Amino acid sequence: MRKTSPRWPWVLVAAVVLAAAGWMLWPRHDAGAPGAASAPTPSADPAARPAPDGTRAPAIAHPIDIDAADAAIPPLADSDAVAWEALSGLAGDPALLDVLLREHIVRRLVVMIDNLTEPRMPTRALAMRPLPGGLSAEGDGATRWIAQANAQRYEPYVAAFAQADPQRVAAAYRRFYPLFQQAYAEIAGGDAYFNDRLVAVIDHLLQAPEPAQPLQVVDGADGKVRFADPVLEALSVGQKALVRLSPDQRERVKRQLRSLRGALAQG
């Protein structure tokens, strides 16, 4: 039996749960902080709206009611404490948050969310430490597959995500939305609208395939375990995270993603 990093299922749950709950971050100038995210995917609506300089900017497809924002929240640079307090209230079990990096929490999660649609996640784009343990593979020789026991390791995070109240999560997200928007504008440009990006990422995750079980894996030249199916191996890091869950876990995560999308999107 071989073990490798179990990072991606936790990345999915942390990124989407916490992002939808409103927690994303990245220290743009600090040494050792996550690097800049890749260019964001354009919003679904191709229409344009006038920008302050007279140029055309992408229309906002899924606007957030800024009247729901908390006028008393601190500036982004000073938001770690209040963000962590709110996140702890949403998580239920504080132990689930132990792997998160607390500094620059809003910025870090914004960057991680933005990278979920990419083929790989740079280590410096993560908002957390590696999850303890390893991804187990069963079998010998060329025929090996992801062990069913992995589902037990993912279950606490899947359960926390699936049981969260979507309306409560959305309310927290709207309350702190100006911080998320500011963090996203720093990496994607002033006209980029974070809620549109979040909805696009959720839509992307919902398109993750439902492969037959068990999932066969092979060792790559770099020693890392990879999907034997090249189609699965070519998926984004976010979709790979969903694929690695058990079918039941994947169904629960997708059901909650649809609920969150409904609470965050217009139309």
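Structure shown above.
Since this is a predicted model, take the numbers as computed values, not measurements.

### Considerations on the nonpolar core
In a soluble, globular protein the nonpolar side chains are often hidden away together inside.
Point 1. Residues Val-106, Tyr-173 and Phe-194 are the most contacted members of the largest nonpolar core, which totals 57 residues.
Point 2. Looking at this core element by element, the count peaks at seven residues for helix H3 (residues 105-115).

### A short note on the environment of Phe-194
Point 1. Tracing the sequence through the fold places Phe-194 in helix H7 (residues 194-206).
Point 2. Put simply, Phe-194 and Phe-180 are 14 residues apart on the chain and 6.9 Å apart in space, counted from C-alpha to C-alpha.

### Some points on the environment of Glu-251
Point 1. Here Glu-251 is to be found in helix H10 (residues 247-264).
Point 2. Assessed through its relative accessible area of 38%, Glu-251 is described here as partly exposed.
Point 3. A sequence separation of 45 residues divides Glu-251 from Leu-206, and the C-alpha atoms of the two residues are 9.9 Å apart.

### Some thoughts on the packing of aromatic side chains
Point 1. Under the definition given, this model contains six aromatic pairs.
Point 2. Note on Tyr-173 and Tyr-177: the rings are 5.5 Å apart at their centroids and 75° apart in plane angle, and the pair reads as edge-to-face. The burial state of Tyr-173 is the same as that of Tyr-177; both residues are buried.
Point 3. Consider the rings of Tyr-177 and Phe-180, whose centres lie 6.5 Å apart with planes at 85°: the pair is edge-to-face. Here Tyr-177 pairs with Phe-180, and both are found in helix H6 (residues 177-188), just three residues apart, close to one helical turn. Across the pair, Phe-180 and Tyr-177 agree in class, each one buried.
Point 4. Ring pairs connect the aromatic residues Tyr-173, Tyr-177, Phe-180, Tyr-184, Tyr-193 and Phe-194, which therefore count as one cluster.

### Some words on H10
Point 1. Here H10 spans 26 Å end to end across 18 residues, near enough to the 26 Å set by a 1.5 Å rise per residue.
Point 2. Of the residues making up H10, those classed as buried are Gln-249, Arg-250, Arg-252, Val-253, Lys-254, Gln-256, Leu-257, Leu-260, Arg-261, Ala-263 and Leu-264.

### Re the pattern of salt bridges
Point 1. For the structure shown, the criterion picks out 11 salt bridges.
Point 2. Between Arg-107 and Glu-186 there is a salt bridge; the shortest N-O distance is 3.0 Å. Note that Arg-107 is positioned in helix H3 and Glu-186 in helix H6, a separation of 79 residues in sequence.
Point 3. Owing to a relative accessible area of 14%, Arg-107 belongs among the buried residues under this scheme.
Point 4. Here Arg-252 makes a salt bridge to Glu-155, at a shortest N to O gap of 2.7 Å. With a gap of 97 residues between them, Arg-252 in helix H10 and Glu-155 in helix H4 (residues 150-163) connect regions that are remote in the sequence.
Point 5. Residue Arg-252 is classed as buried on the basis of its relative accessible area of 17%.
Point 6. Its relative accessible area of 27% is what places Glu-155 among the partly exposed residues.

### Structural notes on the pairing of strand S4 (residues 135-140)
Point 1. In terms of strand pairing, S4 meets strand S5 (residues 143-146) through four bridges, oriented antiparallel. Counted as the bridge partner of Ala-137 is Ile-146 from S5.
Point 2. Here S4 folds back onto S5, and the loop between the two strands holds two residues, one of which, Gly-141, carries a positive phi near 65°.

### Brief notes about the side chain of Asn-150
Point 1. Looking at where Asn-150 falls in the secondary structure, it is placed in helix H4.
Point 2. One polar contact links Asn-150 to Arg-153, side chain to side chain, over a distance of 2.9 Å.

### Re the packing of H3 against H7
Point 1. Close contact between H3 and H7 brings their axes to 9 Å; oriented N to C, the two are set at 45°. Taken together, H3 and H7 sit at an angle that is classed as oblique. For the pair H3 and H7, the sense of crossing is left-handed. Contacts between H3 and H7 involve Val-110, Ile-113 and Asp-114 from the first element and Phe-194, Arg-197, Leu-198 and Val-201 from the second.
Point 2. Grouping the constituent residues of the contact of H3 with H7 by class yields five nonpolar, no polar and two charged.

Calculation rules
Residues numbered from 1 in each chain as written. Predicted model: local features only at pLDDT ≥ 70, side-chain atom pairs only at ≥ 80, totals over all residues. Heavy atoms only, no water. Core = buried A, V, L, I, M, F, W, Y, C linked by side-chain atoms within 4.5 Å. Buried < 20%, exposed > 50% of the residue type's maximum accessible area, 1.4 Å probe, protein only. Helix = DSSP H or I, 4+ residues; strand = E, 2+ residues; numbered from the N terminus. Phe/Tyr/Trp six-rings, centres within 6.5 Å; stacked < 30°, edge-to-face > 60°. Expected span 1.5 Å × (residues − 1). Salt bridge = Lys/Arg side-chain N within 4 Å of Asp/Glu carboxyl O. Pairing = 2+ DSSP bridges. Polar contact = N/O pair within 3.5 Å; in protein donor to acceptor, adjacent residues only side chain to side chain. Axes fitted to C-alpha atoms, helices over the stretch in contact; angles between N-to-C directions. Parallel < 35°, antiparallel > 145°, perpendicular 65-115°, else oblique. Left-handed = near helix turned anticlockwise from the far one by under 90°. Contact = heavy atoms within 4.5 Å. Nonpolar A, V, L, I, M, F, W, Y, C, P; charged D, E, K, R; others polar.

Honestly, that's just the spatial picture; any functional story needs more than this.
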